[in-house]
Amino acid sequence: IRAFADRILAGELRAGARAMRWVDDRAPQAFELLRHLYPHTGRAHVVGITGNPGSGKSTLTDQVVRHHRAQGRTVGVVAVDPSSPFSGGAILGDRIRMCDHATDDGVFIRSLATRGHLGGLSRSTHDVVGILDAMGFDEIIIETVGVGQDEIEVVRIADTSVVVLVPGMGDDIQAIKAGILEIADIFAVNKADREGADMTVRDIRALQMLSEDAHSVEVPILKTVARSGQGVTELLTAVSAHKARLASGEGRQDRQRRREAHILETLVRDRLVGAMNAALGETDQRNALFDRLVSRETDPYTEADRLVDELLNGSD
């Protein structure tokens, strides 16, 4: 594993791709590998691009990658796609939109399926970001599957969160419902060549004035047309300014603490769920317990206490 980790640290694409497969499949050797890579992570600035389905996130991400490559920077992209209802894998719609970069060794795109994980991300997202970071990519971009009313997990992983909105889709109301107003470091009103783009900018600005953080740093609102690349340079300038602002204060350290806390909580939760499933025993034992619950011979609160006691104390 140590020798394999060295190949990843040297930037070998094939080794990185295999490591990401291990991580997504939860292979036993994946966690040992991540332990070796962890001391070499934390250097990359991670940008999250999120927004409603159909807002043009993939096309905008493609243009951001194109601009970075024109400046000679290497880019790692984690594109979170919906899960196939048949295979459970990623549908790969996001990767198809970025196929122009398929032969560019300076770009690595990894699609991940949500596999039922809520929050707009995959459970493996932070581990894949860590691998890309260890490989030495200059820029790392996370594109979420598309947020609903509570799918805002990207803010726990990204250093800079870009929220993509579209005119005429009621995004101002959606911003309130989804908490998007609070997570955005930058707003991108995409498809700004449509009617109503200026109104969307005004609505978001008005909502910002009503928020509790109205006196804090004003969140930039930029208009973009991802299809043509319009506004992408200004968007990257805003990202760079936010990165510099974090570096000059305690903001970056606060976000890194939040990221590590999220990773730790996720790992502990996964291990506890695995231990609980083991404690429930084989299918017959589980069904017997569930039958007792159905017949009201016991209750889920008592059984939950019993399982936690078994996990903590190792009792039979």
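Preceding block: the structure.
Note that the coordinates shown come from a computational prediction; the quantities given were computed from them, not determined experimentally. (Residues numbered from 1 in each chain as written. Predicted model: local features only at pLDDT ≥ 70, side-chain atom pairs only at ≥ 80, totals over all residues. Heavy atoms only, no water.)

Section: the packing of helix α11 (residues 251–280) against helix α13 (residues 300–313)
Part 1: Relative orientation of the contacting elements α11 and α13 amounts to 105°, with a least axis distance of 10 Å. Our classification of the angle between α11 and α13 gives roughly perpendicular. The residues of α13 that touch α11, namely those facing L272, A275, M276, A279 and L280, are L307, E310 and L311.
Part 2: Residues belonging to the contact of α11 with α13 are distributed by class as follows: 7 nonpolar, no polar and 1 charged. (Axes fitted to C-alpha atoms, helices over the stretch in contact; angles between N-to-C directions. Helix = DSSP H or I, 4+ residues; strand = E, 2+ residues; numbered from the N terminus. Parallel < 35°, antiparallel > 145°, perpendicular 65-115°, else oblique. Contact = heavy atoms within 4.5 Å. Nonpolar A, V, L, I, M, F, W, Y, C, P; charged D, E, K, R; others polar.)

Let's talk about the sheet that holds strand β1 (residues 45–51)
Part 1: Read across the sheet, 7 strands follow the order β3-β2-β4-β1-β5-β6-β7 without closing on themselves; strand pairing throughout is parallel. Sheet topology places β3 (107–113) and β7 (221–223) at the edges, where each strand pairs with a single neighbour. Here the average twist between neighbouring strands, direction ignored, is 20°.
Part 2: Bridge count between strand β2 (residues 75–81) and β3: 7 bridges; the pairing is parallel. Paired with V78 across the two strands is R110, which belongs to β3. (Pairing = 2+ DSSP bridges.)

Thoughts on the environment of R66
Part 1: Mapping R66 onto the fold places it in helix α4 (residues 57–70).
Part 2: Taking relative accessible area as the criterion, R66 reaches 35% and is therefore assigned partly exposed.
Part 3: Sequence-wise, R66 and V107 are 41 residues apart; in three dimensions their C-alpha atoms are separated by 9.6 Å. (Buried < 20%, exposed > 50% of the residue type's maximum accessible area, 1.4 Å probe, protein only.)

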